[in-house]
2 protein chains.
Amino acid sequence: MFSVKPVTGVFLYTMTIDDLDARLIALLAAEPRVGILEASRRLGVARGTVQARLDRLVAGGVVTGFGPDLSPGALGYHVTAFVTLQIRQVSGHDPVASLLAAIPEVLEVHTITGGDDMLCRVVARSNADLQRVIDLIVEVEGVVRTSSVIALDTPVAYRMLPLVAEVARRRPG
Amino acid sequence: MFSVKPVTGVFLYTMTIDDLDARLIALLAAEPRVGILEASRRLGVARGTVQARLDRLVAGGVVTGFGPDLSPGALGYHVTAFVTLQIRQVSGHDPVASLLAAIPEVLEVHTITGGDDMLCRVVARSNADLQRVIDLIVEVEGVVRTSSVIALDTPVAYRMLPLVAEVARRRPG
DNA sequence: CTTCACACTGAACAATCTGCCCAGCGATCC
DNA sequence: GGATCGCTGGGCAGATTGTTCAGTGTGAAG
């Protein structure tokens, strides 16, 4: 079920999935309301099989949850931007990250390679409101400089299914 | 239920949510397996109320689905990177976007303001594998130049709950 | 070749939940 | 005074869930 491979000196778990797993994931993604029983009918396998597969996917960390997908836009946050930060070198990344985490409009924070230190995804209600959010970020202790780009359109929204299909394809069940 | 406000000339729907909505969303996010009935018990309201609220949130677009949350890392894709692209001006964004969408490792594509034209989130199995993925992107017709930063760490993973709580706080139920 | 481990099937069970209906009640709006 | 709306609390038949069990086929190991 698991394979262990060294990646930059650290051992990371990697789960292998087959075609049935991929079809199950795709089905759940397409119609999340279907139950285990209905899924087993759609996939043409026994209910216990679907249950076991799903348990395995969850246990293996491939499926991390079934939380509701939320749309910032529907809540009035129609502007998405990516903000890169430069951090004062003496202070570590962590205190800055926790201060950023306190800003609700900051949806995501990464530390990154390159000339900048951090990349944040932020949302705002308008371009003017984005200025307010950026001001909140600039005021964070340890943040030296910020640079923002606004996402004008999102031709490909976050998706995992093609990758799941690709992984299953390479390891046929 | 809805308010309509002009944003850059386009009218966008914005749904208002109250404290109960926010608590329902938080509960579903924390324990997605709880059914409507159990949720109503936890929230201390009638089952019909929970059902109505959830229907409203879905109808209003705040909750867009309940798809499984998938972890690229568990599938062996331990490297995340952000790639910015410059596009040949004559060709529009759309054909480039659809070619990028054909690459499974490209999880997300935005068109952006600033010196570059597009921002992609990509994953790869290793740093060496990232080179392969970037090569795939560079080979896309219309892509002139790319620039990549690797996400070293993710101190704040994508999250919406604080924003939901903030929205509900501003409009107490 | 034999044996074991494993995964899948098909079935059964009690317990629970769902979708749907209804009547009543309090607050708000005309 | 109505009328509308949201919430409550109840009931109903039907479906689903969690769980267990025995039987079967396949692949790997001895």
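Residues numbered from 1 in each chain as written. Chains lettered and ligands numbered in written order. Predicted model: local features only at pLDDT ≥ 70, side-chain atom pairs only at ≥ 80, totals over all residues.

Focus: the relation of the copies chain A and chain B
Piece 1. Relative to chain B, chain A is turned by 180° and slid 0.0 Å along the rotation axis, the superposed coordinates differing by an RMSD of 0.1 Å. Here the symmetry operator amounts to a two-fold rotation axis. Relative to the rotation axis, the closest C-alpha in chain A is found at Phe66(A), a distance of 2.9 Å.
Piece 2. Taken together, the interface assignments show that 98% of the residues at the interface of chain A recur at the interface of chain B, consistent with an identical surface on both copies. (Least-squares fit on C-alpha atoms with pLDDT ≥ 70 in both. Contact = placed C-beta atoms within 7 Å.)

Thoughts on helix H1 (residues 19–30) of chain B
Piece 1. Its 12 residues give H1(B) an end-to-end C-alpha distance of 16 Å, which sits within 8% of 16 Å, the value for a rise of 1.5 Å per residue.
Piece 2. Among the residues of H1(B), Asp21(B), Arg23(B), Leu24(B), Ile25(B) and Leu28(B) are the ones counted as buried.
Piece 3. Of the surrounding elements, those touching the buried residues of H1(B) are strand E4 (69–70) of chain A together with helix H2 (36–43), helix H3 (47–59) and helix H6 (161–170) of chain B. (Helix = DSSP H or I, 4+ residues; strand = E, 2+ residues; numbered from the N terminus. Expected span 1.5 Å × (residues − 1). Buried ≥ 20, exposed ≤ 12 C-beta atoms within 10 Å, placed from the backbone.)

Focus on the protein's contact with DNA strand C
Piece 1. Around DNA strand C, the structure places Val45(A), Ala46(A), Gly48(A), Thr49(A), Ala52(A), Gly35(B), Ile36(B), Leu37(B), Glu38(B) and Gly48(B).
Piece 2. Going through the elements one at a time, helix H3 (47–59) of chain A together with H2 of chain B are the ones with two or more residues in the surface near DNA strand C.
Piece 3. Tallied by class, the residues present in the surface near DNA strand C amount to five nonpolar, four polar and one charged. (Near = placed C-beta within 6 Å. Nonpolar A, V, L, I, M, F, W, Y, C, P; charged D, E, K, R; others polar.)

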